[in-house]
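Residues per chain are reported as follows:
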Amino acid sequence: MAILYGISDLHLGAAVNRQALPALGYYPDDWLIVAGDVAEGEELFAWSMLQLQQRFAQVIWTPGNHDLWTMPNSADPKRGVVKYHYFVEICRQLGVATPEDPFLTWRDELGEVVIAPMFTLYDYTFKPEGVALDEAVAWAAEVDTVCTDEYLLHPDPFADRASWCHARCVYSEGRLAEVGAGRSIMVVTHWPWRADLAVLPRVPRFKIWCGTRRTERLLREYPIEAVVYGHLHIRQTSRREGVVHHEVSLGYPRQWRQEKGMGHYLRVIRGGD
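Below is a short write-up of the structure. Being a predicted model, the structure only gives us computed values, none of them experimental.

Examining the side chain of Thr212
Secondary-structure assignment places Thr212 in the loop between strand E6 (185-188) and helix H7 (214-221). Within the structure, the side chain of Thr212 is placed 2.9 Å from the side chain of Asp123, a separation counted as a polar contact. Of the polar contacts made by the side chain of Thr212, one reaches the backbone nitrogen of Arg214; its length is 3.1 Å. Residues in contact with Thr212, not counting those within four places in the same chain, are Thr120, Leu121, Tyr122, Asp123, Thr125, Phe126, Cys165 and Cys169.

Below you can see the structure in the form of structure tokens.
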């Protein structure tokens, strides 16, 4: 029986991670969800998606923050929406599904589920109630926590990342509304869709860069059975209000055991024996 796998945060800019990808086996009958943070550079991203497309029957991708970075001194410094759509076109040329494409349907003995890749970003609303929204970044900086996105993830042509986030949430809700009544949905996202899942014990104030409370309403209003996400680098499966949330990160070299190989970290989401 075919298997639906999930993984995220491949971070192929790290040599150890990059070298592990060609050693990944072949899964010709299986699908792979890639929940963002593949690579920062355009050439490396294209190479990595080709590697994955050659190994799986279907690949589904949604962007992470690292995918959207514009690196200093880049030879082709695409930014913001232009950068995102450039990566979408790379995926489309390879047959990789993106948040801009028709949703695919996974079928197995448990039934059907619509796989909905979503790009919703963040807007700092995962802050504590006592912190003003416009003071959230300064609040995190009090303990030397500042996400590199503040320097490399440009929102052009939007005024700021929060505005881009809001536009993406409106777009994503419209896509969810297109799914026929009575059909279950599996959301694929990079950022968790609930604030209570954005728990990072070592860097607790980093949570303001981990999502938006706008998505919490979508979980209640649409027939979402599961969410596959990454970003936190804390592999886990949780259940909240009837929805299963799978964090499927690989992570930086120090966060996974290279002797096990990348294949060991493919999370089974659906299917299999």
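From this point, the narrative continues.
Observations concerning the packing of helix H6 (residues 161-177) against H7
Across the interface, H6 lies against H7 with an axial gap of 10 Å and an inter-helix angle of 10 degrees. The angle between the axes of H6 and H7 places the two elements in the roughly parallel class. Listed contacts from H7 to His166, Cys169, Glu173 and Leu176 of H6 are Arg214, Thr215, Arg217, Leu218 and Glu221. Of the residues in the contact of H6 with H7, the class split is three nonpolar, two polar and four charged.

Side note on helix H3 (residues 80-94)
With 15 residues, H3 ought to run about 21 Å at 1.5 Å a step, and its terminal C-alpha atoms sit 22 Å apart, in line with that. Among all positions of H3, only Gly80, Lys83, Tyr84, Phe87, Val88, Ile90 and Cys91 are buried. Projection of H3 onto a plane perpendicular to its axis shows the buried side chains occupying an angular sector of 155 degrees, all on one side. Opposite the buried face of H3, by more than 90 degrees, sit the exposed residues Val82 and Gln93. On its buried face, H3 sits against helix H2 (42-55), strand E3 (56-61) and H6. Following H3 by one or two positions, Gly95 has its phi on the positive side, about 80 degrees.

Some remarks on the packing of aromatic side chains
Scanning all chains against the criterion turns up 17 aromatic pairs. Where Tyr122 meets Tyr124, the ring centres are 5.7 Å apart and the plane angle is 75 degrees; that geometry is what we call edge-to-face. The class for Tyr124 is buried, based on a relative accessible area of 12%. On the basis of an interplanar angle of 15 degrees and a centroid distance of 6.3 Å, the ring pair of Phe158 and Trp164 is categorised as stacked. Above the ring of Tyr26, the side-chain terminus of Arg55 is found at 4.7 Å from the ring centroid. Sitting above the plane of the Tyr86 ring, Lys78 keeps its charged end 4.1 Å from the centroid.

Remarks on the pattern of salt bridges
Applying the stated criterion across every chain yields a total of 19 salt bridges. The salt bridge involving Glu150 is made with Arg161; its shortest N-O contact spans 2.8 Å. A residue pair is termed long-range when its members are at least 10 positions apart, and Glu150 in helix H5 (residues 149-152) and Arg161 in helix H6 qualify at eleven residues. Glu178 is the partner of Arg175 in a salt bridge, and the nearest nitrogen-oxygen pair spans 3.5 Å. Under the relative-accessibility criterion, Arg175 is labelled buried at 9%. Classification of Glu178 by relative accessible area gives exposed; the value is 59%. One network of salt bridges, in which partners are shared, links Arg194, Asp196, Arg240 and Glu241.

Cut-offs used in this document
- Residues numbered from 1 in each chain as written.
- Predicted model: local features only at pLDDT ≥ 70, side-chain atom pairs only at ≥ 80, totals over all residues.
- Heavy atoms only, no water.
- Helix = DSSP H or I, 4+ residues; strand = E, 2+ residues; numbered from the N terminus.
- Polar contact = N/O pair within 3.5 Å; in protein donor to acceptor, adjacent residues only side chain to side chain.
- Contact = heavy atoms within 4.5 Å.
- Axes fitted to C-alpha atoms, helices over the stretch in contact; angles between N-to-C directions.
- Parallel < 35°, antiparallel > 145°, perpendicular 65-115°, else oblique.
- Nonpolar A, V, L, I, M, F, W, Y, C, P; charged D, E, K, R; others polar.
- Expected span 1.5 Å × (residues − 1).
- Buried < 20%, exposed > 50% of the residue type's maximum accessible area, 1.4 Å probe, protein only.
- Arc of directions from axis to C-beta.
- Phe/Tyr/Trp six-rings, centres within 6.5 Å; stacked < 30°, edge-to-face > 60°.
- Lys NZ or Arg CZ within 6 Å of the ring centre and 35° of its normal.
- Salt bridge = Lys/Arg side-chain N within 4 Å of Asp/Glu carboxyl O.

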